[in-house]
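Coordinates in review
So you can see what is in the structure, the chains are spelled out below.
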Amino acid sequence: MADRSIQGGDGIDTFPFPVELSVGGVGMQVGPMGTGRTWHADAPLERVHRIDFHVVMLFGEGPVRHMVDFTEYEADAGDLLWIRPGQVHRFSRTGEYRGTALTMQPGFLPRSTVEATGLYRYDLPPLLRPDAAQLAGLNAALAQLRREYEDTATLPLSLHTAVLRHSLTAFLLRLAHLAASSAEAQRQRTDSTFTLFRDAVERDFATNHSVSAYADALGYSRRTLVRAVRAATGETPKAFIDKRVVLEAKRLLAHTELPIGRVGVAVGFPDAANFSKFFHQHTDQTPAAFRAELR
């Protein structure tokens, strides 16, 4: 079969939906994952590429690492990956892909369903981890969809396609609810993590400038803390701490008569030279020049 990929301006191939591999030529596929499954005969799944259709993978085994938009995700049994048209992704060279894969061509569903299911909500996370009840519902809906997809003898093609659209919609509505609730839960966790970090910095910035120390004290990994602070502020935890230290130093330099060395001690720098260096790095001024400018 000829490779019908299109190479983008960034050199990354984009593969269209393989209608010729779909049962009855309908705009979707559903079936088992495993060796030998591909978008096209020449599609380099282990290399970075794009697809112009939706892919949902429900994993039966794990862990499997899969890159989506240059972020590595680790999926385990019962997890789902939802990859949307245009997203860059890459299959793991070593991972065992086991479970069920659903692919869907844009335009297969009517606009009202597309809007209701948030098919193009690129702000939602690709990796979804349903709880037991959610997973049971998704498995049941996906099993029904697969039965309808494989049964090409019971109904004429037009009715078969209509039933597929309805069954697919039922599955996607469950999936969309899971994606939206997962995003909201992640936002709440991020907000909570950042709030605890912000309060800890406000309390301890004069004696603690270490991101790792804050993470340990709060019971988070450094990576989790970095994600939460960046999501809330757009900056790193270290930058957030340093900004608070600089603000306090400016306040003391502007509104007190403390010697510069004492100001440094008050914000966690026992050595005056280190304080002056830190202050200059963040303000392009020495502490003395900053104070003089205000008086």
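Please refer to the structure placed before this passage.
**Examining helix H5 (residues 222-233)**
If you check H5, its first and last C-alpha atoms are 16 Å apart, about what 12 residues at 1.5 Å a residue would give, namely 16 Å. Three or more residues of H5 are buried, namely Leu225, Ala228 and Val229. Relative to the axis of H5, the buried residues are bounded by an arc of 95° and lie together on one face. Away from its buried face, by an angle of more than 90 degrees, H5 presents the exposed residues Arg223 and Ala231. Immediately downstream of H5, the backbone of Gly234 shows phi near 80°, a positive value.

**Looking at the pattern of salt bridges**
Considering all chains together, one arrives at 12 salt bridges under this definition. When the shortest N-O distance is used, the salt bridge between Glu74 and Arg65 registers 3.3 Å. Judged by its relative accessible area of 41%, Arg65 is partly exposed. Arg129 serves as the salt-bridge partner of Asp79, at 3.2 Å between the closest nitrogen and oxygen. In this pair, Asp79 sits in the loop between strand S7 (71-75) and strand S8 (80-83) while Arg129 sits in the loop between strand S11 (127-128) and helix H2 (132-150), placing the two residues 50 residues apart along the sequence. Residue class for Asp79 comes out buried when judged on its relative accessible area of 6%. Residue classification places Arg129 among the exposed positions, given a relative accessible area of 52%.

**Re the nonpolar core**
Judged by nonpolar contacts, the single largest core of 27 residues is most densely connected at Met28, Leu80, Leu168, Phe171 and Leu175. Contributions of two or more residues to this core are made by strand S3 (28-32), strand S5 (54-59), S8, strand S10 (99-104), H2 and helix H3 (157-204). Broken down by element, this core gets its largest block of residues, seven residues, from H3. With residues near it in sequence (within four places) discarded, Leu80 still touches Val56, Met57, Leu58, Pro126, Leu127, Leu128, Pro130, Leu138, Phe171, Leu175 and Leu178. Formed by 24 residues, the second largest nonpolar core is a distinct cluster that contains Ala200, Tyr214, Ala249 and Phe278.

**Focus: the sheet that holds S5**
Strand pairing in a sheet relies on backbone hydrogen bonds, with the paired strands running either antiparallel or parallel. Read from one edge to the other, the open sheet built from five strands follows the order S3-S10-S5-S8-S11, with strand pairing classed as antiparallel. Looking along the sheet, the strands with just one partner apiece sit at the ends: S3 and S11. The pairing of S5 with S10 spans six bridges and is classified as antiparallel. Across the sheet, His54 pairs through a bridge with Met104, a residue of S10.

**Quick word on unusual backbone geometry**
Cis geometry is adopted by the peptide bond preceding Pro63, which originates at Gly62 and carries an omega value of 0°. As for its position among the elements, Pro63 is in the loop between S5 and strand S6 (64-68). The backbone of Phe70 shows a phi angle near 65°, a positive value even though the residue is not glycine. Considering the arrangement of structural elements, one finds Phe70 in the loop between S6 and S7.

**Considering the packing of helix H6 (residues 237-255) against helix H8 (residues 272-283)**
Where H6 contacts H8, the axes come no closer than 11 Å and their chain directions differ by 105°. In terms of orientation, H6 and H8 fall into the roughly perpendicular class. Of the residues in H8, those in contact with Asp242, Val245, Val246, Ala249, Lys250 and Leu253 of H6 are Phe275, Phe278, Phe279, His282 and Thr283. A per-class count over the contact of H6 with H8 returns seven nonpolar, two polar and two charged.

**Thoughts on the environment of Arg165**
With respect to the element layout, Arg165 can be found in helix H3. On a C-alpha basis, the gap between Arg165 and Thr113 in space is 9.5 Å, while along the polypeptide they are 52 residues apart. In contact with Arg165, not counting residues within four places along its chain, are Phe108 and Leu109.

**Side note on the side chain of His209**
If you trace the backbone, His209 turns up in the loop between H3 and helix H4 (211-218). Residue His209 is classed as buried on the basis of its relative accessible area, which comes to 18%. A polar atom in the side chain of His209 sits 3.0 Å from the backbone oxygen of Phe205. Polar contacts involving the side chain of His209 include one to the main-chain carbonyl oxygen of Val267, which spans 2.9 Å. If we skip the residues at most four places from it in the chain, His209 touches Lys238, Ile241, Val245, Val267, Gly268 and Phe269.

Conventions we followed
- Residues numbered from 1 in each chain as written.
- Predicted model: local features only at pLDDT ≥ 70, side-chain atom pairs only at ≥ 80, totals over all residues.
- Heavy atoms only, no water.
- Helix = DSSP H or I, 4+ residues; strand = E, 2+ residues; numbered from the N terminus.
- Expected span 1.5 Å × (residues − 1).
- Buried < 20%, exposed > 50% of the residue type's maximum accessible area, 1.4 Å probe, protein only.
- Arc of directions from axis to C-beta.
- Salt bridge = Lys/Arg side-chain N within 4 Å of Asp/Glu carboxyl O.
- Core = buried A, V, L, I, M, F, W, Y, C linked by side-chain atoms within 4.5 Å.
- Contact = heavy atoms within 4.5 Å.
- Pairing = 2+ DSSP bridges.
- Axes fitted to C-alpha atoms, helices over the stretch in contact; angles between N-to-C directions.
- Parallel < 35°, antiparallel > 145°, perpendicular 65-115°, else oblique.
- Nonpolar A, V, L, I, M, F, W, Y, C, P; charged D, E, K, R; others polar.
- Polar contact = N/O pair within 3.5 Å; in protein donor to acceptor, adjacent residues only side chain to side chain.

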